[in-house]
Amino acid sequence: MPRSLAGGDLAVPEMAQPYMKKDDDDEDVEYSPFFGIEKGAVLQEARAFHDPQLDVRRCSQVITKLLYLLNQGETFTKVEATEVFFAVTKLFQSSDAGLRRLVYLMIKELSPSSDEVIIVTSSLMKDMNSKTDMYRANAIRVLCRIIDGTLLTQIERYLKQAIVDKNPVVASAALVSGIHLAQANPETVKRWSNEVQEAVQSRAPLVQFHGLALLHQIRQNDRLAVSKLVSSLTRGSVRSPLAQCLLIRYTSQVMRESSMNTQNGDRPFFDFLESSLRHKAEMVVLEAARKITEMDVTSRELAPAITVLQLYLSSSKPVLRFAAVRTLNKVAMTRPLAVTNCNVDLESLMSDQNRSIATLAITTLLKTGNESSVDRLIKQITNFMSDIADEFKIVVVEAIRSLCLKFPLKYRSMLNFLSNSLREEGGFEYKKAIVDSIVTLISEIPDAKEIGLLHLCEFIEDCEFTYLSSQILHFLGNEGPRTSDPSRYIRYIYNRVILENATVRASAVSTLAKFGALVDTLKPRIFVLLQRCLFDTEDEVRDRATLYLQTLSGEVPIGNDEKDAKDFLFGSFDVPLANLEASLRTYEPSEEPFDISLVSREVRSLPLKEKAAPGKRPPAAAAAAAVAAPAPVSTVDAYQKMLSSIPEFSGFGRLFKSSEPMELTEAETEYAVSVVKHIYDGYIVLQYNCANTIEEQLLEDVTVCVDASDAEEFSEICLKPLASLPYNSPGQVFVAFEKPEGVPAVGKFLNLLKFTVKEVDTTTGEADEDGVEDEYQLEDFEIVSSDYMLRVAVSNFRNAWENMDPESERVDEYGLGVRESLAEAVNAVINILGMQPCEGTEVVPKNARSHTCLLSGVFIGNVKVLVRLSFGLSGPNEVAMKLAVRSDDPEVSDKIHEIVASG
């Protein structure tokens, strides 16, 4: 759907497609009045704005068409937008109120440049002081949308007056404009505090709502001021239900930030939330109940909120039933026992006409039900599934998976339900959710492995999705050989070789090879089947069959024993494809073959490039980061080439890792500096990216004095200064340190930028001969343990974990103390270790009480490391963690524990 126009000032038809009458008869098709309109034709019609005698009706129709095009995503060129803008401004001469409102909308949508704004400001300022309230309100909204800070000071007095205007429409428009202006001009809006406070006491509900929102935005960076605001308003001066909902949110925020314990004697804020459960407005009651359920409260304190929500479950209004069941669904994730009293009411909602409500009711019951009720719930859900959309089916499937993990003895009935769901109609996302659920149950419940694998094998015989078929075959190749009777799966796999498309056939060949590698009794049969694949019409299938036949027979020299062959088949491909592609593109043919071991294993995200407006000075951070380097995927290779070309660093060996640029100056400062940490086995090279953002200055003899007194294991061995740093032309200063080889040394570095400043004549570009020595203090930074870890992903964590030596495993438990949430604790540990999250385990479900996170990486010295993190809430926001580490070197496993213990 297109976005709404100007906050609801005017309703414009939005349908671009024809819509049908109820009988769906072709002769009765009705078309939107805007169906098939073209931008060129509408721009021609816009010439009507220039007519000496304006046709109000025609002009209104043309503006409506233009607004429709804009909101459908149609783009106007600079010339077209300018012509339309100047034409629209001529309509200010009309006194028709409806046309004037459309003119306001058009100016807002076009967002004229600063050069063009001056054309309409006088007209808008005149309307802002008009006797017509509709003109005043809309003129304020438009002005605040298009003006800059300079013009804002000129109309500030009028805006302050409008905030306390007797007409609520005008006052509300001024307050909403203040909310938008506060983002770019916070200091100006802060001066309106007295008027905004007066608006908060207004009897008009909408004015009070907008006034409270703006007052909170003004004070949001001052915790004490926000606390005082909430404390004063919770005494009962808020009449607007919307404002009351806002106040409830601000109150819970203050309680969360102050870590207030609701069990002690000082609980005025919680008493306010509890009293809001008895408010006459339903929205206020729901908001209060929702906030209480999100807090860490006792069962006794939670009970009133649950009772209110239970009453709303039987409401005649669908929106109240939906809001109540959705809130209870969230509570059931963390405190299912608190919701069990609502189960009778929830069961009655399973047949609700609104399928969103019914789905939430079912998933809530699945979370709160006991083991004895599982079979009955599954039976009810089976009859229900065919009537809901895929997006709701996915929610049910995920709830079934959670319930099965909770009651593992019920895996048979749940796997049968999931298997039957696979045979029914559904889209890719729905089928993928089912397959993922079955895979999870197989992985977590050992007894479910063989039944689950058979269900997946039956599904791929009719699966129309190539990706799912390949995913199932990959999983079958990893798990099938480890079952009691692996031979039962061979028929299903080979059928894919015969009946499927080339992609699935290739996956099936790889799966057959894995069975042959792990099950000796099946090897002769697998050889015969792979030999048949040699006559396939697809090159990929034939090549894989040839490779695997030679690998299993030992003809391919990939290792010294059978273990190497199995590693070849089951080992994860730990080279990011983007890095491999970049290295292959830069590889120059020579007598030496391409060495994949030299390709960086680090997973790097692509940096976002800031778009600078033409004619404006580039931001300091962007200027400092503007290093002459190739595309981001080959950054490490680029750094390696650049550093090895510098004689002082050519003997340092292979570059292990380069960090992301770290800003050492604040934004919009006269000098911009960032640092990149280059890690070698026995050295550290600090690359300072410098930028001069002052056009009237030239910097010469630029150096960075580094104080490493807090980094005792590092000793400076080389400094490479920068001879000249002109305006807007970045350069680099390098400082190299020696450190103990192979040791993850850490420390703090203090930095001082020194240079000679010479004045530049901007007209001629010539610099003075004499300069002045100057210096600029930079931010400190640290070399930390995560700098010695590469973020390297593995394609199959479980296989990689099992293939690592169990003797290298080190396990210990840690208390992480009070944390804001489980997600915050997970992110903190990931950042400390600097490792790559695997299989999406970095995402913590909302309101989860426990979570497992899988990490992989390569430690300095090219040591592969895998980590299992198990988190749990042991008390009010108290997080406990179990850390299990496996690596190629047991000493590195110990070091990982040391890093966590010291972090």
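Per chain, the residues get numbers from 1 upward, laid out in the order the sequence is written. Side-chain atom pairs in this predicted model are given and counted only at pLDDT of 80 or more, local residue features only at pLDDT of at least 70, and totals for whole chains, interfaces and linings cover all residues. Here the side-chain values reflect all heavy atoms present in the structure, with hydrogen atoms and water set aside.

Here we take up the packing of aromatic side chains. In this description, a pair of aromatic rings is defined by centroid distance and the angle of the planes. Planes of paired rings set the category: under 30 degrees apart is stacked, over 60 is edge-to-face and the rest tilted, where pairs are Phe, Tyr or Trp rings (Trp by its six-membered ring) whose centres lie within 6.5 Å. In this structure the tally under the stated criterion is 14 aromatic pairs. Ring centres of Phe797 and Trp801 lie 5.9 Å apart, and the angle between their planes is 25 degrees; this geometry places the pair in the stacked category. Highlighted residues: Phe797 and Trp801, both in helix H34 (residues 797-803), separated by four residues, approximately one helical turn. Considered together, Phe797 and Trp801 belong to a single accessibility category, that of buried residues. Put simply, the rings of Phe649, Phe652, Tyr680, Tyr683 and Phe734 touch in pairs and so form one group of aromatic residues. It is Arg100 that lies over the ring of Tyr135; its NZ or CZ is 4.6 Å from the centre. Elements are defined by DSSP. Helices are runs of H or I of four residues or more, strands are runs of E of two residues or more, and each kind is numbered from the N terminus. For every residue, the accessible area (1.4 Å probe, protein chains only) is compared with the maximum for its type, and the residue is labelled buried under 20%, exposed over 50%, or partly exposed between those bounds. Distance and angle both matter: a charge sits over a ring if NZ of Lys or CZ of Arg is within 6 Å of the ring centre and within 35 degrees of the ring normal.

Take a nonpolar patch on the surface next. In this analysis, a patch consists of residues with relative accessible area above 30% that form no salt bridge, clustered at 9 Å for like charges and at 5 Å for the nonpolar side chains Val, Leu, Ile, Met, Phe, Trp and Tyr. Note on areas: Shrake-Rupley, 1.4 Å probe, and residue coverage restricted to the protein chains presented here. For this document, the term salt bridge refers to a Lys or Arg side-chain nitrogen within 4 Å of an Asp or Glu carboxyl oxygen. There is a patch of nonpolar side chains on the surface, built from Phe86, Ile118 and Ile119 and spanning about 270 Å² of accessible area. As for its position among the elements, Phe86 is in helix H3 (residues 78-89).

Despite not being glycine, Asn728 has its phi angle at roughly 60 degrees, a positive value. Inspection of the secondary structure assignment puts Asn728 in the loop between strand E7 (722-725) and strand E8 (731-738).

Let's shift gears to helix H19 (residues 355-368). Working rule for helices: expected span equals 1.5 Å times residues minus one. Helix length check: H19 (14 residues) gives 20 Å between terminal C-alpha atoms against 20 Å at 1.5 Å per residue, within 8%. Counting buried positions over the 14 residues of H19 gives 12, a clear majority of the element. Buried within H19 are the following residues: Ile357, Ala358, Thr359, Leu360, Ala361, Ile362, Thr363, Thr364, Leu365, Leu366, Lys367 and Thr368. Buried residues along H19 sit against helix H17 (318-334), helix H18 (343-348), helix H20 (374-385) and helix H21 (390-406). Here H19 starts with a cap whose side-chain oxygen sits 2.9 Å from the backbone nitrogen of Ser356, and that cap is Asn354. We call two residues in contact whenever any of their non-hydrogen atoms come within 4.5 Å of each other. We define a polar contact as two N or O atoms separated by no more than 3.5 Å, with the added condition that, inside protein, one atom must be a possible hydrogen donor and the other a possible acceptor, whereas residues neighbouring each other in sequence contribute only through side-chain atom pairs.

We now examine the environment of Ser95. Examined against the element boundaries, Ser95 turns out to sit in the loop between H3 and helix H4 (97-110). For the pair Ser95 and Val56, spaced 39 residues apart in the sequence, the C-alpha separation amounts to 9.6 Å.

Shape descriptors only; they carry no functional weight alone.
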